[in-house]
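Below, each chain spelled out in residue letters.
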Amino acid sequence: MAWYHRVANIFRSDRHQQQVDREFAFHLQERTDDLIARGLPPARAAREARRRFGNRTAMAERTHDVDHLLWLDTVSADLRYAVRAIRNDPLVFCVAVVSMALGIGANVAIFSLINAVLLRPLPVRDPSQLVVVGSGKVTSADDVFTNPLWEQIRNVRGAFDGTFAFTDDNFNLSTGGPARRVHGYVVSGGMFATLGVAAATGRLFSPADDTRGCEPVVVLGNGFWRQDYGSAASAVGRTLYIDNTPFRIIGAVTSSFTSPQPGTGAQIFMPLCTMPLLSHDPGILDDRSSWMVSIMARLHGGVTLPQARAMLLAQSAGIYAATVPGDWGKQQQQDYLERQLHIWPAASGISVVGQNYRTALLVLMGVVGIVLLIACANVAQLLVARAAARQREMAIRLAIGASRGRLVRQLLTEGLVLGLTGAIAGLLFAHWASAVIIRGLVVAHTPVTLALPIDTTALSFTFGMAMLTGVVFGLAPAWGATRVDPQSAMKSGGRSVSSRGLSVRFGRALVVTQVALSLVLVAVGGLMLGSFRRLANTDPGFRVDGLTLVTADASSTGGNAASESRLLTELFARLRQLPGVSSVSASETTPLSHSGRNDLVRTNGYAPAKQMDALAWIHIVSPGYFATMGATVVAGRDFTDVDRSGNQRVVVIDESAVRRFFGGVNPIGRTLQFGSPRDSTARLTVVAVVRDAKYSSMDETVQPTAYIPLAQKIGDVNGGGDATKLHFEIRSAEATAVLAAEVATAAHTLSPAITLDFTTMNAQLAASVARPRLLAQLSTFFGALALLLALVGLYGIVSYSVALRRNEIGIRLALGAVRTRVVTMILGESTRLALVGVGIGVALTLATTRLVSSLLYGVTATDPVTIGAAITAMVATALVAAALPAWRAARIDPMGALREE
């Protein structure tokens with residue numbers, strides 16, 4: 001059969017050559033006519049066209065080139081026709097582009113954020129080999145270890161090629177006056193080598209830097225080096241004061257690396273061995289109860305994750321046995337010995353932002369996915385209606401010889417142009433939306449530094465979604481528009497009842513889908529907004545307005561702990577004398593700061609079901625704290641100057657502690673103990689009960705809280721001690737800026753080296769509710785966007801349906817129908833369409849809102865009021881969308897409508 005194929009190829013080639021000749025002649029004549037139209041004589045135009053386009057013999061020898069030229073010419077024509085068609089119908093084009101831009105842009109913005117904090121690998125050597133060490137079934141950014149534990153894990157052999165420990169905090173670079181805070185990391189010497197990070201100048205830390213009593217040296221983050229030192233190599237060797245301790249700069253990292261925690265860039269890096277200097281605690285590196293470092297490692301070459309996990313698990317018992325905290329109770333020590341070490345993949349690092357916002361981001365990704373579906377339904381409906389309206393045009397083209405494939409390609413080109421334009425607009429919207437979202441991200445004590453460039457992944461995602469939308473939702477209308485009989489389509493103004501009836505049914509199905517999906521988004525937005533309003537209106541247990549918070553640090557004054565404490569005591573006294581100040585108090589921590597401490601409570605008659613039930617938060621405060629904060633003392637007395645070291649130990653507890661530890665019975669005069677063996681014999685007498693108040697954050701469930709006099713503090717310092725850093729709460733009618741200047745002057749007169757941080761309780765409360773606020777804002781925006789898209793979709797299908805029924809409505813009016821009856825008919829049909837979508841949407845809503853229940857505060861996932869309001873909003877949207885088309889239908893001229901037929 002080989003001869004058959006050779007002959008077939010000859011004939012196939014001959015037929016192809018004939019087609020080439022015909023195409024050549026057509027295009028040669030087309031170019032000749034074009035030159036004649038430009039003013040050239042016919043003979044010269046023919047010569048010029050042949051010179052430009054070539055001759056038949058040459059073209060026959062370059063068949064592939066001819067095909068390529070013809071293809072380019074056809075594509076160029078398709079693009080010209082697409083632009084012309086869009087120009088002739090700009091409203092449809094603009095609505096479709098805006099719909100696509102909002103849907104695609106929202107998805108790109110959220111996807112880029114998720115990619116940055118959860119998916120994108122760290123910019124280090126072979127990030128797939130990185131793992132994070134944890135001590136539970138699930139690891140998190142809060143999974144921390146003591147330094148003795150880290151030193152044991154560092155010595156594990158066989159599983160890892162390198163390990164490192166790190167912790168982060170905000171450090172002060174000022175040596176007096178207003179503080180200058182930078183975000184920095186305290187890291188072990190092997191971090192840079194394990195990650196494969198190079199130095200931009202100087203050198204980085206090495207394991208040789210992990211020695212007790214090491215020299216205080218610092219490595220600069222690239223951004224900080226560029227901003228403060230102009231990227232100069234001369235920065236190496238200079239001194240940088242960090243928390244009033246001189247550190248020698250030894251190098252700076254490359255610009256590609258910011259930190260092992262995506263979203264929290266580092267401006268400085270210090271070695272772990274400098275922790276005693278930074279914390280002012282000489283024994284912190286040996287303290288088996290100071291939980292402070294996270295641990296990451298790189299798998300040993302050839303060792304798989306399960307193998308390394310098994311190796312580490314086998315050594316867990318020995319590691320924990322060697323690091324048992326000696327100041328823990330027997331039960332706590334037993335629980336400690338039962339812990340096990342595990343590892344998890346950490347190619348993307350350990351993101352604090354990701355841990356805090358993971359659930360919220362995944363919910364938002366689902367929300368914007370629904371927005372994209374609604375936008376696609378809108379685009380599909382517009383293209384279906386537009387294709388149906390162009391049936392006469394398609395019929396004329398078919399009648400004069402155009403192939404169906406040629407018309408489909410033309411309509412698909414229009415869809416691709418639409419998709420490309422929507423993608424570009426979507427990228428612009430995503431750029432703006434990303435900046436807005438990043439500004440709304442707040443992590444306690446950690447500045448969020450995220451750059452969301454439109455990388456290859458985001459670009460591929462954007463243009464993939466746009467092209468898919470343009471092709472998929474342009475193909476069906478294009479194919480339907482070309483499957484018409486030219487003769488019937490051109491009769492009577494081009495009406496094609498069957499085809500247009502099909503497009504109406506398809507459009508109605510899309511509208512029902514839009515309404516159902518929009519109801520889900522409106523309900524989710526309503527729940528998030530209701531949750532945030534409940535949270536924002538929750539009474540924190542104290543008065544927020546008029547409360548300025550000042551953090552004073554005297555550790556940079558150069559004296560000993562006692563002299564620094566005396567400076568703060570004197571500053572406390574001077575703050576009370578400032579004009580406009582009604583009251584001042586001092587404390588070790590402030591409410592809603594996402595920080596604090598807790599301990600186990602022991603009291604006669606209370607036997608906890610489990611150990612954690614005996615846990616209570618601890619506030620260490622000065623006399624006058626409750627009055628300054630505006631907290632209500634339910635029973636007993638406030639602290640006084642008599643409550644100092646050497647006198648009877650006292651404590652104030654809140655109502656939750658009364659219920660938990662004393663069974664709701666009046667506890668005044670009764671005693672309790674905290675579980676710290678450092679002061680295990682101290683009994684604290686309850687002298688007052690205060691109203692419950694929020695401790696760490698606004699969305700927490702109130703837990704038992706105890707207040708201890710600052711002069712009798714327990715825990716870190718037995719029986720009191722000297723404080724070198726205090727938080728002052730100042731209640732004043734003065735503006736914050738004015739008060740800050742007065743406080744700075746008072747501190748400067750005592751010592752220019754006292755550093756100060758200023759904020760307000762209002763700002764601290766706002767930061768505490770930042771995540772629910774961001775969720776509420778974005779969910780509400782996307783819910784409103786869904787309503788708008790549903791409004792456009794309903795308006796489009798109702799208007800199109802009225803246009804198709806123009807003759808029917810004219811007959812009704814001619815036979816005596818009342819115009820209000822026509823309006824009622826159109827509104828009723830729109831309402832019925834919306835109710836079908838609402839019915840489906842309610843089922844979807846009840847199934848979906850349970851996924852966001854963990855993000856709600858004070859509102860259930862199936863709150864009937866919120867869901868009822870969402871249903872009402874959807875029905876009202878349907879009536880608004882149908883109002884204008886119904887009004888137009890009622891004003892149809894019966895005779896004009898009949899004459900059209």
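Residues numbered from 1 in each chain as written. Predicted model: local features only at pLDDT ≥ 70, side-chain atom pairs only at ≥ 80, totals over all residues. Heavy atoms only, no water.

1. Description of the state of the cysteines
Applying the stated criterion across every chain, the model contains one disulfide. The side chain of Cys 214 participates in a disulfide bridge whose partner is Cys 273; the two sulfur atoms lie 1.8 Å from each other. Across the S-S bond of Cys 214 and Cys 273 the torsion is about 100°, and the bridge reads as right-handed. With Cys 214 in the loop between strand S5 (199-202) and strand S6 (217-220) and Cys 273 in the loop between strand S9 (268-271) and helix H9 (275-279), the pair connects residues that are 59 residues apart, well separated along the chain. (Disulfide = S-S within 2.5 Å. Helix = DSSP H or I, 4+ residues; strand = E, 2+ residues; numbered from the N terminus.)

2. Let's talk about empty space enclosed by the protein
Overall, the coordinates contain six cavities of 30 Å³ or more when judged by the stated rule. The volume enclosed by the second largest cavity comes to roughly 80 Å³. Among the elements that line the lining of the second largest cavity, the one with the most residues is helix H19 (residues 625-629), at three residues. (1 Å grid on protein atoms, 1.4 Å probe; cavity = no way out; pocket = protein on both sides within 12 Å on 5 of 7 lines; lining within 4 Å. Points joined across faces, edges and corners; volume = space filled by probe spheres on them.)

3. Topic: the side chain of Ser 830
Relative to the elements of secondary structure, Ser 830 occurs in helix H25 (residues 819-848). When neighbours within four sequence positions are excluded, Ser 830 is seen to be in contact with Leu 794, Val 798, Ala 878 and Ala 882. (Contact = heavy atoms within 4.5 Å.)

4. Quick word on the pattern of salt bridges
Considering all chains together, one arrives at 12 salt bridges under this definition. In this structure, Asp 228 and Arg 180 form a salt bridge, with 2.8 Å as the shortest nitrogen-oxygen distance. Of this pair, Asp 228 sits in helix H8 (residues 222-229) while Arg 180 sits in the loop between strand S3 (177-178) and strand S4 (181-187), and the two are 48 residues apart along the sequence. A relative accessible area of 31% places Asp 228 in the partly exposed class. The residue Glu 570 makes a salt bridge to Arg 574 at a minimum N-O spacing of 3.2 Å. Taken together, the residues Glu 570 and Arg 574, both in helix H18 (residues 561-576) and four residues apart, mark about one turn of the helix. Accessibility expressed as a relative area gives 36% for Glu 570, which makes it partly exposed. Taken together, the shared-partner salt bridges connect Glu 151, Arg 212 and Asp 286 into one network. (Salt bridge = Lys/Arg side-chain N within 4 Å of Asp/Glu carboxyl O. Buried < 20%, exposed > 50% of the residue type's maximum accessible area, 1.4 Å probe, protein only.)

5. Remarks on the packing of helix H23 (residues 770-804) against helix H26 (residues 864-890)
Closest axis-to-axis distance for the H23/H26 pair is 9 Å, and the angle between their directions is 30°. Regarding H23 and H26, the two cross each other, and that crossing is right-handed. On H26, the residues that touch Leu 787, Ala 790, Leu 791, Leu 794, Tyr 795, Val 798, Ser 799 and Val 802 of H23 are Ala 873, Met 874, Thr 877, Ala 878, Val 880, Ala 881, Ala 882, Leu 884, Pro 885, Arg 888 and Ala 889. (Axes fitted to C-alpha atoms, helices over the stretch in contact; angles between N-to-C directions. Left-handed = near helix turned anticlockwise from the far one by under 90°.)

6. What to know about unusual backbone geometry
Positive phi is not limited to glycine here, since Asn 244 has a value of about 65°. By the secondary structure assignment, Asn 244 is in the loop between strand S7 (239-242) and strand S8 (245-253). Asn 244 sits in the partly exposed class, given a relative accessible area of 21%. One non-glycine residue, Leu 592, adopts positive backbone phi at about 65°. Note that Leu 592 resides in the loop between strand S13 (581-587) and strand S14 (597-602).

7. Topic: H18
Over its 16 residues, H18 runs 23 Å from end to end, which matches the ideal 22 Å to within 8%, given 1.5 Å per residue. Residues of H18 that are buried include every one of Glu 564, Ser 565, Leu 567, Leu 568, Leu 571, Phe 572 and Leu 575, and no others. Buried positions in H18, seen along its axis, are confined to an arc of 155° and lie on one side of it. In H18, the exposed positions that point more than 90 degrees away from the buried face belong to Arg 566 and Thr 569. The inward-facing, buried residues of H18 contact strand S12 (547-553), S13, strand S21 (725-732) and helix H21 (736-750). (Expected span 1.5 Å × (residues − 1). Arc of directions from axis to C-beta.)

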